[in-house]
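# Residue-level structure breakdown
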Amino acid sequence: MNNKSYLVTYLITLVGGIALVVLNGRARLFDAIAVLIGIIFLVLGVVSLLGSFRLTKADKAAGRKPSVSLAVASAGALGLGLLMVFAPGLFIHYLVYVIGIVLILCGVLQLYNFVPSMRSFGLSWLYLGIPAVCMLAGVLIMILGPAKVMNFMALLTGIVLIVYSLNGFVGYLAAAKLMKSAKAGPELVDVK
């Protein structure tokens, strides 16, 4: 838990959650999300396509050739990105299921990261309720489907992501405090 990537992940989900709550009810919000994801695919596709053809001098000396499979995958990402940017309406219904899956994965990952060391972090078992709610929201979104949750989903997802992020920050800070205490000396570590 001393990895800074957790903080970055929780910060990104916090910003995303706040954006979904603030922008809830805006016309064409899901079109904008689809376009944003399309732009991400475009950028990643271009970068990986260029990388698939670029070889260093050491690669050339070793007889390596450009990666055809990476070039094909990059072209696929470019095509998907273009389609999402220019025809976002095709992806809105699928986006609902993707958001449901992301919420389920967020809950599962948070449980995976914190359950094994709950006692050493000094966190209550009630703390696990947040990842469970996150997973439940994801399942609910997937069961109800896009037609029933489209208007409500942005608000629900935003709130869940905000609470998930805050829960993650609490766990991260508890782990950091424990590690700092462990470095100070074994007599200062209070294991419950």
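Residues numbered from 1 in each chain as written. Predicted model: local features only at pLDDT ≥ 70, side-chain atom pairs only at ≥ 80, totals over all residues. Heavy atoms only, no water.

Let's shift gears to the nonpolar core. One finds Phe-30, Leu-103, Ile-141 and Met-153 to be the most contacted residues of the largest nonpolar core, which totals 27 residues. Breaking this core down by element, the ones donating at least two residues are helix H1 (4-22), helix H2 (29-53), helix H5 (92-114) and helix H7 (129-184). Top contributing element to this core by residue count: H7, with eleven residues. Not counting residues within four places of it along the chain, the set of residues in contact with Met-153 comprises Phe-30, Val-96, Ile-99 and Ile-141. (Core = buried A, V, L, I, M, F, W, Y, C linked by side-chain atoms within 4.5 Å. Buried < 20%, exposed > 50% of the residue type's maximum accessible area, 1.4 Å probe, protein only. Helix = DSSP H or I, 4+ residues; strand = E, 2+ residues; numbered from the N terminus. Contact = heavy atoms within 4.5 Å.)

The terminal C-alpha atoms of H5, which comprises 23 residues, lie 33 Å apart, in line with the 33 Å expected from a rise of 1.5 Å per residue. Turning to H5, its buried residues number three or more, namely Ile-92, Leu-95, Val-96, Ile-99, Gly-100, Leu-103, Cys-106, Gly-107, Gln-110, Asn-113 and Phe-114. (Expected span 1.5 Å × (residues − 1).)

Let us look at the confidence of the model for the protein. Per-residue confidence for the protein gives a mean pLDDT of 79; residues scoring 70 or more make up 89%. Of all helices and strands in the protein, the one with the weakest mean pLDDT is helix H6 (residues 118-121) (69), whereas helix H4 (residues 68-86) scores best (87). Contacts from residues 188-192, a stretch scored under 50 in pLDDT, to residues over four places away or in other chains number five contacts. (pLDDT = per-residue confidence, 0-100.)

For the rest of this paragraph, the subject is the packing of H2 against H5. H5 packs onto H2 with a crossing angle of 80 degrees between their chain directions and a minimal axis gap of 10 Å. By the angle class used here, H2 and H5 are roughly perpendicular. Residues Phe-30, Asp-31, Ile-33, Ala-34 and Ile-37 of H2 touch H5, and the partners they reach there are Ile-92, Leu-95 and Ile-99. Here the residues of the contact of H2 with H5 sort into seven nonpolar, no polar and one charged. (Axes fitted to C-alpha atoms, helices over the stretch in contact; angles between N-to-C directions. Parallel < 35°, antiparallel > 145°, perpendicular 65-115°, else oblique. Nonpolar A, V, L, I, M, F, W, Y, C, P; charged D, E, K, R; others polar.)

Moving on: the packing of H2 against H4. Packed helix pairs are characterised by how far apart their axes lie and by the angle those axes make with each other. Contact geometry for H2 and H4: axes closest at 7 Å, N-to-C directions at 155 degrees. The pairing of H2 with H4 is recorded here as roughly antiparallel in orientation. The interaxial crossing formed by H2 with H4 has left-handed handedness. Per-class residue counts for the contact of H2 with H4 are 17 nonpolar, six polar and no charged. (Left-handed = near helix turned anticlockwise from the far one by under 90°.)

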